[in-house]
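Chain by chain, the residues run as shown.
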Amino acid sequence: MATNRTFTMIKPDAVGAGHTGAIIKMIEEAGFRIVAMKLTQLTPERAGQFYAVHKERPFYGELCAYMSSGPIVPMILEKDNAVADFRELIGNTDPKKAAEGTIRRLFAKDISANAIHGSDSDENAAIEGRFFFAETDMF
Ligand code: UDP
Ligand code: MG
């Protein structure tokens, strides 16, 4: 399994607010190469599958409704140390706790509508990448 790739998606709040271009610019300027990208929308059922690991958590229903509420931009990204470096670029889950200059600090509305996703491990990056780009051999 490649260890130099991660998966991300720009979430409905950021796409809807017109931040897609600014966020992609930050990602590229941070040294990530875009390997795959598209604009799509999840159904509530597919959002539920993507976040199945969180299904016992109190915010799960709200999260699935929110993540299916508008278009998203999923991407596979390549860079040395991609997973950890990308988590640093996006910042804390809660934008109020995210460091200055991070994508979530700059663009997220709140802890739920937090602008962008980033995989938390090489294993999950591969699973999540295949969830959106099953037609390709990205991992
Ligand atoms: N989330 C939420 N409320 C919370 C925690 C998380 O709505 O209290 C949402 C938020 O959109 C977050 C996603 O659930 O990005 C997944 O949560 P996780 O803890 O995996 O955070 P992440 O890895 O995205 O930073
Ligand atoms: Mg997570």
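Scroll up for the structure.
Sequence order as written defines the numbering, with residues in each chain counted from 1. Labels follow written order: the first chain is A, the first ligand is 1, and so on. Per-residue local features are limited, in this predicted model, to residues with pLDDT of at least 70; the limit for side-chain atom pairs, both in listing and counting, is 80 or more; totals at the level of whole chains, interfaces and linings are taken over all residues. The side-chain numbers reported here are obtained from all heavy atoms of the structure, hydrogens and water having been left aside.

**Some points on the overall build of the protein chain**
By definition, any uninterrupted DSSP run of H or I lasting at least four residues is a helix, any uninterrupted run of E lasting at least two residues is a strand, and each is numbered from the N terminus. When helices and strands are tallied, the protein chain shows 7 helices and 4 strands. When the elements of the protein chain are put in sequence order from the N terminus, they spell out β-α-α-β-α-α-β-α-α-β-α. Across its three principal axes, the protein chain shows a C-alpha extent of roughly 35 × 35 × 25 Å. Exposure categories follow from relative accessible area, calculated using a 1.4 Å probe and restricted to protein chains: below 20% of the type maximum is buried, above 50% is exposed, and the middle band is partly exposed. Across the 139 residues of the protein chain, 49% fall into the buried class. Residue contacts are defined here by distance: any two heavy atoms, one from each residue, within 4.5 Å place the two residues in contact. In the protein chain, of all internal contacts separated by at least 6 residues, the share reaching a separation of at least 24 is 77%. A 1.4 Å probe and the Shrake-Rupley method give the accessible areas. Residues count as covered only by the protein chains that appear here. Carbon and sulfur atoms make up 51% of the accessible area of the protein chain, which totals about 7,000 Å². A gap of 3 Å separates the mean positions of the 16 positive and 19 negative side-chain charges of the protein chain. Residues scored as positive are Lys and Arg, those scored as negative are Asp and Glu, and His as well as the terminal groups of each chain are ignored. All charge positions are set by atom: Lys at NZ, Arg at CZ, Asp at CG, Glu at CD.

**Description of the nonpolar core**
Nonpolar cores were defined as sets of buried Ala, Val, Leu, Ile, Met, Phe, Trp, Tyr and Cys residues, with membership established by side-chain atoms within 4.5 Å. Counting 22 residues, the largest nonpolar core has F7, M9, Y51, M67, I76 and F132 as its most contacted members. Put simply, the parts of the chain that give this core at least two residues each are β1 (5-10), β2 (33-37), α3 (44-50), α4 (60-67) and α7 (122-132). The element that contributes the greatest number of residues to this core is α4, accounting for 5 residues. Sequence-distant contacts of Y51, that is, excluding residues within four places in its chain, are made with M9, K11, Y60, L63, M67 and H117. In this structure, A14, V15, F32 and M75 belong to the second largest nonpolar core, which totals 20 residues.

**A closer look at the site of ligand 1**
All residues adjacent to ligand 1 are K11, Y51, H54, R57, F59, L63, R87, T93, R104, I111, S112 and N114. Polar contact is the term for a pair of N or O atoms within 3.5 Å; when the atoms are in protein, one must be able to donate a hydrogen and the other to accept it, and sequence-neighboring residues count only if both atoms are side-chain atoms. Within the side chain of R104, an N or O atom sits 3.0 Å from an oxygen atom of ligand 1. Within the contact set of ligand 1, an oxygen atom lies 2.9 Å away from a side-chain nitrogen or oxygen of N114. Residues that form the shell around ligand 1 fall into these classes: 4 nonpolar, 4 polar and 4 charged. Here a residue is near a molecule or strand as soon as one of its heavy atoms is found within 4 Å of it. Classification used: nonpolar for Ala, Val, Leu, Ile, Met, Phe, Trp, Tyr, Cys and Pro, charged for Asp, Glu, Lys and Arg, polar for all others including Gly.

**Topic: the pairing of β1**
In terms of residue burial, β1 counts as a mostly covered element, since 6 of its 6 residues are buried. Here β1 shows no split at all, with R5, F7 and M9 on one side and T6, T8 and I10 on the other all buried. What makes two strands pair is DSSP finding at least two bridges between them. Judged from the 6 bridges that link them, β1 and strand β3 (residues 73-78) form a sheet pairing that is antiparallel. Directly across from R5, in β3, lies its bridge partner E78.

**A closer look at α4**
When α4 is considered as a whole, its buried residues turn out to be Y60, L63, C64, Y66 and M67. With its buried residues spanning 165° around the axis, α4 presents them on a single face. Turning to α4, the residues buried within the fold contact β1, α1 (12-16) and α3. Along the arc lie the directions from the helix axis toward the C-beta atoms.

**Details of the pattern of salt bridges**
Take a side-chain nitrogen of Lys or Arg and a carboxyl oxygen of Asp or Glu: if they are within 4 Å of each other, that pair is a salt bridge. Inspection of the entire model under this criterion finds 6 salt bridges. Among the salt bridges present, the one from K79 reaches D85, with a minimum N-O distance of 2.6 Å. A residue is classified by how much of its surface remains accessible, and D85, at 22% relative accessible area, is partly exposed. Among the ionic pairs, D94 bridges to K96, the shortest N-O distance being 3.9 Å. What makes D94 buried here is its relative accessible area of 10%. Among the charged side chains, a network of salt bridges with common partners joins R5, R33 and E78.

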